[in-house]
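Structural overview for review
Below are the chains, spelled out letter by letter.
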Amino acid sequence: MTTVPAWMARPGARLAGSRAALPIARLTSRITDRLLGTALAVAACDPPAALHAPLLVRVLVLGAAAAAWWPLR
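Computed from a prediction, not measured in an experiment: that's the story for all the values here.

On to the overall build of the protein, then. When helices and strands are counted, the protein shows four helices and zero strands. What you see in the protein, going N to C, is helices and strands ordered as α-α-α-α. Burial analysis of the protein (73 residues in total) assigns 8% to the buried set. Carbon and sulfur atoms provide 72% of the accessible area of the protein, an area that totals close to 6,500 Å².

So, in structure tokens, the structure goes:
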């Protein structure tokens with residue numbers, strides 16, 4: 001296997017293997033996962049009906065959104 005000389009490598013190639021790239025990738029992955037999970041949980045609760053529901057139902061919808069946002073790891 002041949003290696004590419006440093007002067008031919010892409011400028012951003014060094015960042016991919018750096019220590020800062022891993023936490024940034026994990027953070028953005030978790031944020032997107034949390035947003036999608038929360039959106040799906042709230043959508044499953046039927047938001048238009050929940051707006052006109054009693055207070056207990058609204059609290060349960062907020063609880064479902066909080067549970068979906070909370071990380072399992």
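At Asp 46, a position not held by glycine, the phi torsion is positive, near 60°. As for its position among the elements, Asp 46 is in the loop between helix H2 (21-44) and helix H3 (47-51).

The residue Arg 34 is located in helix H2 in this model. Sequence spacing of Arg 34 and Trp 69 is 35 residues, and the spatial spacing of their C-alpha atoms is 5.2 Å. At 3.4 Å, the side chain of Arg 34 and the backbone oxygen of Trp 69 are in polar contact.

When you line up the elements, Thr 38 lands in helix H2. For Thr 38, a relative accessible area of 16% gives the class buried. In this view, Thr 38 contacts Ala 65, Ala 68 and Trp 69; residues no more than four positions away in its chain are not counted.

Analysis parameters
- Residues numbered from 1 in each chain as written.
- Predicted model: local features only at pLDDT ≥ 70, side-chain atom pairs only at ≥ 80, totals over all residues.
- Heavy atoms only, no water.
- Helix = DSSP H or I, 4+ residues; strand = E, 2+ residues; numbered from the N terminus.
- Buried < 20%, exposed > 50% of the residue type's maximum accessible area, 1.4 Å probe, protein only.
- Areas by Shrake-Rupley, 256 points an atom, 1.4 Å probe, with all protein chains shown as cover.
- Polar contact = N/O pair within 3.5 Å; in protein donor to acceptor, adjacent residues only side chain to side chain.
- Contact = heavy atoms within 4.5 Å.

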